[in-house]
Amino acid sequence: MSAALIERLRKNRESKVEAGGHVFIVRRPTDLEWAELDDSSTARALMKHIVGWEGVTELDLYAGGAGHPVPFDAALAQEWLADRPDLLVAVSRAVVDAYRTHVEKQGAARKN
């Protein structure tokens, strides 16, 4: 039962972001994960919060690739996005924005 509840909590922190014609699924960091972020490697640290994608093909990943969809793989996503700052910036911004929204909601709840 706790595994199902953990998965539900994680799913609740997920959102989708469009970047470069692709949809990335990101998971908002927990308060603890946010506190552990290292300023010197923030972009790399935020990559672990990418938990899915839609519409990514081999052709997107490399020239000459096939046009069929590629299942999400975290290591593959990190390797690809490490060389795609245009996508990584947009996706990272979505993770940061999700966390900021979370903090704002917590603050508003405490005031009530």
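Read on for an overview of the structure. This structure is a prediction, so every number in the text was calculated from the model and none was measured.

Parameters and conventions
- Residues numbered from 1 in each chain as written.
- Predicted model: local features only at pLDDT ≥ 70, side-chain atom pairs only at ≥ 80, totals over all residues.
- Heavy atoms only, no water.
- Buried < 20%, exposed > 50% of the residue type's maximum accessible area, 1.4 Å probe, protein only.
- Helix = DSSP H or I, 4+ residues; strand = E, 2+ residues; numbered from the N terminus.
- Arc of directions from axis to C-beta.
- Contact = heavy atoms within 4.5 Å.
- Polar contact = N/O pair within 3.5 Å; in protein donor to acceptor, adjacent residues only side chain to side chain.
- Pairing = 2+ DSSP bridges.
- Axes fitted to C-alpha atoms, helices over the stretch in contact; angles between N-to-C directions.

A few words on helix H5 (residues 74–81). Turning to H5, its buried residues number three or more, namely Ala77, Trp80 and Leu81. Considered in projection along H5, the buried side chains sweep an arc of 90° and stay on one side of the axis. Facing away from the buried side of H5 by over 90 degrees, the exposed positions are Ala75 and Glu79. If you follow the buried residues of H5, they end up packed against strand S2 (22–27), helix H3 (42–47), strand S3 (50–54), helix H4 (58–61) and helix H6 (85–111). The residue sitting at the N-terminus of H5 and contributing the capping side-chain oxygen is Asp73; that oxygen lies 3.1 Å from the backbone nitrogen of Ala75.

Across the sheet, which stays open at both edges, the three strands sit in the order S1-S2-S3 with antiparallel pairing between neighbours. Two strands lie at the open edges of the sheet, namely strand S1 (14–19) and S3, each paired on one side alone. Looking at each pair of strands side by side, their axes are set apart by 25° on average, direction ignored. Of the strand pairs in this sheet, S1 and S2 are connected by six bridges, and their pairing is antiparallel. Within S2, the residue paired with Glu14 across the bridge is Arg27. Set on the sheet, H5 makes contact with S2 and S3; between it and S3 the angle comes to about 80°.

Take it as geometry only, folks, not as evidence of what the structure does.
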